[in-house]
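Okay, here's what each chain looks like letter by letter:
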Amino acid sequence: LARWQSPTLGPVRPDRFIRAAERAGLIQQVTRILFGKALDALELWPDDITVSFNLSAQDLADRAFIFSLVAQVHKRQISPARIEFEITETAVMKDIAASRVLLEDLSSAGFKIALDDFGSGYSSFEYIDQLPLDKVKIDKTFVRKVADSATSREIVAGIITLCRNLGLKCVLEGVESDSEMATLAPLSPQLIQGYLFGKPMSQRNVLSLLMQDERQDVKVNLA
């Protein structure tokens, strides 16, 4: 995850500066810098540690740019299996056929593919059917409805079961409290992501965490 601490504006949320970068046509510069930081971290961390990296719609629409990132991975002799590219529904919905071809090429090259924020917008099971996915991440705004909505609970349970039957990993995003975890536990989720387990931290603090016996998924601040 990226965090921007502006000397003028103070802390700027990712959803704000990422959208601003997209509008200004600067998102690929941001992506290139952050991807380089992610690779720097991988070179320091144990070989069994992987990273997930978000691609924007503009990134995904530019095949040459995506494979310039792939070239960085090969140049540093990092295993593609250690990198998972996260894409959103909005990033693929404009041209799902072209997105499928690109993602299939990335998958064939050894990279993992995750569908991020599923349930946050115009969710379609067509994406699960058409794209070469390894993981589906159910959006936190949808997950948090489970406590108050029987319908939402059944839908989330159904997606978990669907992913299990298809051999896909399924992640419930945004779990922040023990009460939320207690509500979700009966659904037998495979993976949980949220502040309950770990808050964003700088990459320099991650290595010491990884050295501990207790292993857990963490969000990392690459700023």
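Residues numbered from 1 in each chain as written. Predicted model: local features only at pLDDT ≥ 70, side-chain atom pairs only at ≥ 80, totals over all residues. Heavy atoms only, no water.

Asks: Could you clarify how one ought to interpret unusual backbone geometry in this entry?
Replies: Note: most peptide bonds trans; most residues except glycine with negative phi. Of note in this structure, Q77 is not a glycine but carries a positive phi near 60°. Inspection of the secondary structure assignment puts Q77 in the loop between helix 4 (63-75) and strand 4 (83-88). Here S188, not a glycine, exhibits a phi torsion of approximately 55°, which is positive. As for its placement among the helices and strands, S188 is situated in the loop between helix 10 (178-184) and strand 8 (191-192). (Helix = DSSP H or I, 4+ residues; strand = E, 2+ residues; numbered from the N terminus.)

Asks: What is the right way to read the pairing of strand 7 (residues 169-172) from this model?
Replies: When a strand is regular, its side chains alternate between the sheet's two faces. Pairing geometry for strand 6 (residues 135-138) and strand 7, over four bridges, is parallel. Residue pairing in the sheet places V136 in a bridge with C170 of strand 7. As defined by bridge partners, strand 7 adjoins strand 8 across two bridges and the pair is classed as parallel. Directly across from V171, in strand 8, lies its bridge partner L191. This β-α-β element, strand 7 to helix 10 to strand 8, shows right-handed connectivity. (Pairing = 2+ DSSP bridges. Right-handed = clockwise from strand over helix to strand, strands pointing away.)

Asks: Hey, could you run me through the pairing of strand 4 in this one?
Replies: Most of strand 4 sits out of view: five of its six residues are buried. Across four bridges, the pairing between strand 3 (residues 51-54) and strand 4 is parallel. Considered in strand 4, the bridge of N54 is made with E86. Examined bridge by bridge, strand 4 and strand 5 (residues 112-118) share five bridges and lie parallel to one another. (Buried < 20%, exposed > 50% of the residue type's maximum accessible area, 1.4 Å probe, protein only.)

Asks: Mind showing me how you'd approach the nonpolar core here?
Replies: Burial of nonpolar side chains together is a common tendency in soluble globular proteins. One finds I83, F85 and I87 to be the most contacted residues of the largest nonpolar core, which totals 57 residues. Counting residues per element, this core draws most heavily on helix 2 (residues 27-44), which supplies six residues. Setting aside residues no more than four positions away along its own chain, F85 makes contact with F35, F53, L55, L106, F111, K112, I113 and A114. (Core = buried A, V, L, I, M, F, W, Y, C linked by side-chain atoms within 4.5 Å. Contact = heavy atoms within 4.5 Å.)

Asks: It is not clear to me how the side chain of S152 should be interpreted in this structure. Could you clarify?
Replies: Counting through the fold element by element, S152 comes out in helix 9 (residues 150-166). Among the residues examined, S152 registers a relative accessible area of 7% and is labelled buried. Residues contacting S152, with those up to four places away along its chain left out, are K145 and V146.

Asks: Which parts of the structure should I look at to understand the packing of aromatic side chains?
Replies: The relative placement of two aromatic rings is captured by the distance of their centres and the angle of their planes. Using the criterion set out here, one finds five aromatic pairs in the structure. Seen from their ring centres, W4 and F17 are 5.9 Å apart, and the 90° between their planes marks the pair as edge-to-face. Remark: F17 occurs in helix 1 (residues 14-23) and W4 occurs in strand 1 (residues 4-6); sequence separation between them is 13 residues. Residue F17 is classed as buried on the basis of its relative accessible area of 12%. These aromatic residues form a ring-pair network of at least three members: F35, F53, F85 and F111. (Phe/Tyr/Trp six-rings, centres within 6.5 Å; stacked < 30°, edge-to-face > 60°.)

Asks: Whenever I open this one, the environment of F17 confuses me. Can you help?
Replies: Separated by 10 residues in sequence, F17 and I27 place their C-alpha atoms 9.5 Å apart. With sequence-adjacent residues up to four places away left out, F17 is seen in contact with A2, R3, W4 and V12.

Asks: Just checking my understanding: could you explain the layout of surface pockets for this structure?
Replies: Over the atoms a probe the size of a water molecule is rolled, and this reveals where empty space is left. Within this model, the second largest pocket holds a volume of roughly 230 Å³. Every residue lining the second largest pocket is counted, 11 residues in all, and those nearest its centre are A2, W4, F17, V30 and L34. Elements with a minimum of two residues in the lining of the second largest pocket: helix 1 and helix 2. With four residues, the single largest contributor to the lining of the second largest pocket is helix 2. (1 Å grid on protein atoms, 1.4 Å probe; cavity = no way out; pocket = protein on both sides within 12 Å on 5 of 7 lines; lining within 4 Å. Points joined across faces, edges and corners; volume = space filled by probe spheres on them.)

Asks: Explain the packing of helix 2 against helix 4 here, please?
Replies: Describing two packed helices takes the angle between their axes plus the distance from one axis to the other. Between helix 2 and helix 4, whose axes approach to 11 Å, the crossing angle comes to 20°. When the axes of helix 2 and helix 4 are compared, the pair comes out roughly parallel. The handedness of the crossing between helix 2 and helix 4 comes out as right-handed. Two secondary-structure elements touch here, helix 2 through Q28, T31, R32, F35, G36 and L39 and helix 4 through F65, L69, Q72 and V73. Among the residues making up the contact of helix 2 with helix 4, the classes are represented as five nonpolar, four polar and one charged. (Axes fitted to C-alpha atoms, helices over the stretch in contact; angles between N-to-C directions. Parallel < 35°, antiparallel > 145°, perpendicular 65-115°, else oblique. Left-handed = near helix turned anticlockwise from the far one by under 90°. Nonpolar A, V, L, I, M, F, W, Y, C, P; charged D, E, K, R; others polar.)

Asks: Just to check I follow, could you spell out the confidence of the model for the chain for this structure?
Replies: One rule of thumb: low pLDDT means the predicted coordinates there are not for detailed reading. For the chain, the average pLDDT comes to 89, and 94% of its residues sit at 70 or higher. Put simply, strand 10 (residues 220-221) is where the chain has its lowest mean pLDDT, 54, and helix 4 is where it has its highest, 97. (pLDDT = per-residue confidence, 0-100.)

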